Each structure stands twice: as C-alpha cells, then as structure tokens.
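Observations on the three-dimensional arrangement
These are the residues of each chain, in order.
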Amino acid sequence: PRFGALDFVIILVVIISIVGIYFRFNLVDTITQTANSKKYVVSFSIENIRYTTPNYVDIGDKLYISSSNEYLGEILAASDEMSNNALSVTPSSEVFIENGEYVEVYYPNSESRVDADGRFACEGTYTDSKGLIINNSTHITAGQTLTVQTELVTLVIEIIGIAPLE
C-alpha cells in the first residue's frame, strides 16, 4: 500500500475537522459568555475579624482571590444608606452589674472581634445551575466561602447574595 494524494486529503480533512470542533466549543462559548456578561453586586459577610480591620477596606478597593490572584471586582459601599463605609460593623453592648449598679459596655472596644457585612461589584454571567461565573472560570454562589484580598488585608468572606447592579 502506497501513501497517495487521496490519503493526504483525508488526513487533512480530519485535522481541519478537529480544529473546527475545538474552535466551536471553546472560542464561540467564550465570545457568547462575554457578550452575555452583566454587572452584579455580590453581598458578603465576614466573621470574627479584629475591630480595626474595617479601617483598611475602602470603597473602590480591588478585590482578588487570594489563592490565584484572580480579579473579582471592586468594593462598594456597605449599603446604599452607608455611602461612606466599605464594611458595615454593627456595634453591640453587654450589661454587667458592678457594685450593685448596671454598667453597659459597648463593643467594638480595643480587645474585641466583630462581624461585618460588605458588597462588591463584578462582571460575569449568571446561571441558575452554577451561580455567577466571573472571568469565564470562577464560580460564585450564595453560601460559598472565599479567601480574598485587597491591597492591604486578606479576608475570609461568605457570599450572602448576588443581584444585578442597577
């Protein structure tokens, strides 16, 4: 058996078909996901952080996944009502009886740890089955815990909700 022109044409058609299938499933999906990409607001909570940590998170800070340094989004105000604060810390208090009198101590104080809430804006594609897909690779869903970082701090956040940015 000899290798002829017809054999060469058949091998060439097979190679072109494989390349075409690759582009169909990778390139077209990437273009489609980018075209369907929208802006979202992701709400998160942080538990048991030092009371000073919220001072190091500012509106406009860029947020990255710590393990891969992948860009997630930009920190927003903690809520529409709190337009100057990036993280919302709810102060709490305890009442003690000292020498027969009630004494109320407010937290945070210099030794306390607090919980905080925040939001960040990101761009991605939302699906019911996978949640929010950012950068065509990172999946975020409510209830998920992520270790993220800004320029100054590293935080462990829990995703509370995802909503379209209005």
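Data block above holds the structure.
Residues numbered from 1 in each chain as written. Predicted model: local features only at pLDDT ≥ 70, side-chain atom pairs only at ≥ 80, totals over all residues. Heavy atoms only, no water.

**Description of the overall build of the protein chain**
Secondary structure assignment for the protein chain yields 1 helix and 11 strands. For the protein chain, the sequential pattern of α-helices and β-strands runs α-β-β-β-β-β-β-β-β-β-β-β. Each of the 166 residues in the protein chain was classed as buried or not, and the buried ones make up 28%. Here the protein chain has roughly 11300 Å² of accessible surface; of this, 54% comes from carbon and sulfur atoms. (Helix = DSSP H or I, 4+ residues; strand = E, 2+ residues; numbered from the N terminus. Buried < 20%, exposed > 50% of the residue type's maximum accessible area, 1.4 Å probe, protein only. Areas by Shrake-Rupley, 256 points an atom, 1.4 Å probe, with all protein chains shown as cover.)

**Regarding a negative patch on the surface**
A contiguous patch of negative charge on the surface is contributed by Glu47, Asp115, Asp117 and Glu158. By the secondary structure assignment, Asp115 is in strand S7 (residues 113-127). (Patch = residues over 30% accessible without salt bridge, like charges linked within 9 Å, V, L, I, M, F, W, Y side chains within 5 Å. Salt bridge = Lys/Arg side-chain N within 4 Å of Asp/Glu carboxyl O. Lys, Arg positive; Asp, Glu negative; His and termini not counted. Charge placed at Lys NZ, Arg CZ, Asp CG, Glu CD.)

**Section: the pattern of salt bridges**
Considering all chains together, one arrives at 2 salt bridges under this definition. When the shortest N-O distance is used, the salt bridge between Lys62 and Glu74 registers 3.9 Å. In this pair, Lys62 is assigned in strand S2 (residues 62-65) and Glu74 in strand S3 (residues 71-75), connecting sequence segments 12 residues apart. With a relative accessible area of 42%, Lys62 lands in the partly exposed category. Look at Glu74 and you get partly exposed, because its relative accessible area is 32%.

**Here's the deal with the packing of aromatic side chains**
Counted according to the given criterion, the structure contains 3 aromatic pairs. With centroids separated by 6.1 Å and ring planes inclined at 35 degrees, the aromatic side chains of Tyr40 and Tyr126 adopt a geometry described as tilted. On the criterion of sequence distance, the pair formed by Tyr40 in strand S1 (residues 38-50) and Tyr126 in strand S7 is long-range, its members being 86 residues apart. The exposure class of Tyr40 is buried, given its relative accessible area of 10%. For the pair Tyr64 and Tyr71, a centre-to-centre distance of 5.6 Å together with 65 degrees between the ring planes defines the contact as edge-to-face. Residue Tyr64 is classed as partly exposed on the basis of its relative accessible area of 25%. A residue is classified by how much of its surface remains accessible, and Tyr71, at 34% relative accessible area, is partly exposed. (Phe/Tyr/Trp six-rings, centres within 6.5 Å; stacked < 30°, edge-to-face > 60°.)

**Quick notes on the nonpolar core**
Membership of the largest hydrophobic core comes to 25 residues, with the highest contact counts inside it found for Leu72, Phe120, Ile140 and Ile157. Elements represented by at least two residues in this core include exactly S1, S2, S3, S7, strand S8 (131-134), strand S10 (145-149) and strand S11 (154-164). For this core, the element with the highest residue contribution is S1, accounting for 5 residues. Beyond its immediate stretch of four places on either side in the chain, Ile140 contacts Leu72, Phe120, Lys130, Gly131, Leu132, Ile134, Leu146, Ile159 and Ile162. (Core = buried A, V, L, I, M, F, W, Y, C linked by side-chain atoms within 4.5 Å. Contact = heavy atoms within 4.5 Å.)

**Things to note about unusual backbone geometry**
Most peptide bonds adopt trans geometry, and most residues besides glycine take a negative phi value. Non-glycine residue Asn48 carries a positive phi angle of around 60 degrees. With respect to the helices, strands and loops of the structure, Asn48 is situated in strand S1. Judged by relative accessible area, Asn48 falls into the partly exposed class, the value being 47%. Positive phi values are uncommon outside glycine, yet Asn99 reaches one of about 55 degrees. Inspection of the secondary structure assignment puts Asn99 in the loop between strand S5 (92-98) and strand S6 (101-107).

All we've got here are geometric facts, nothing functional implied.
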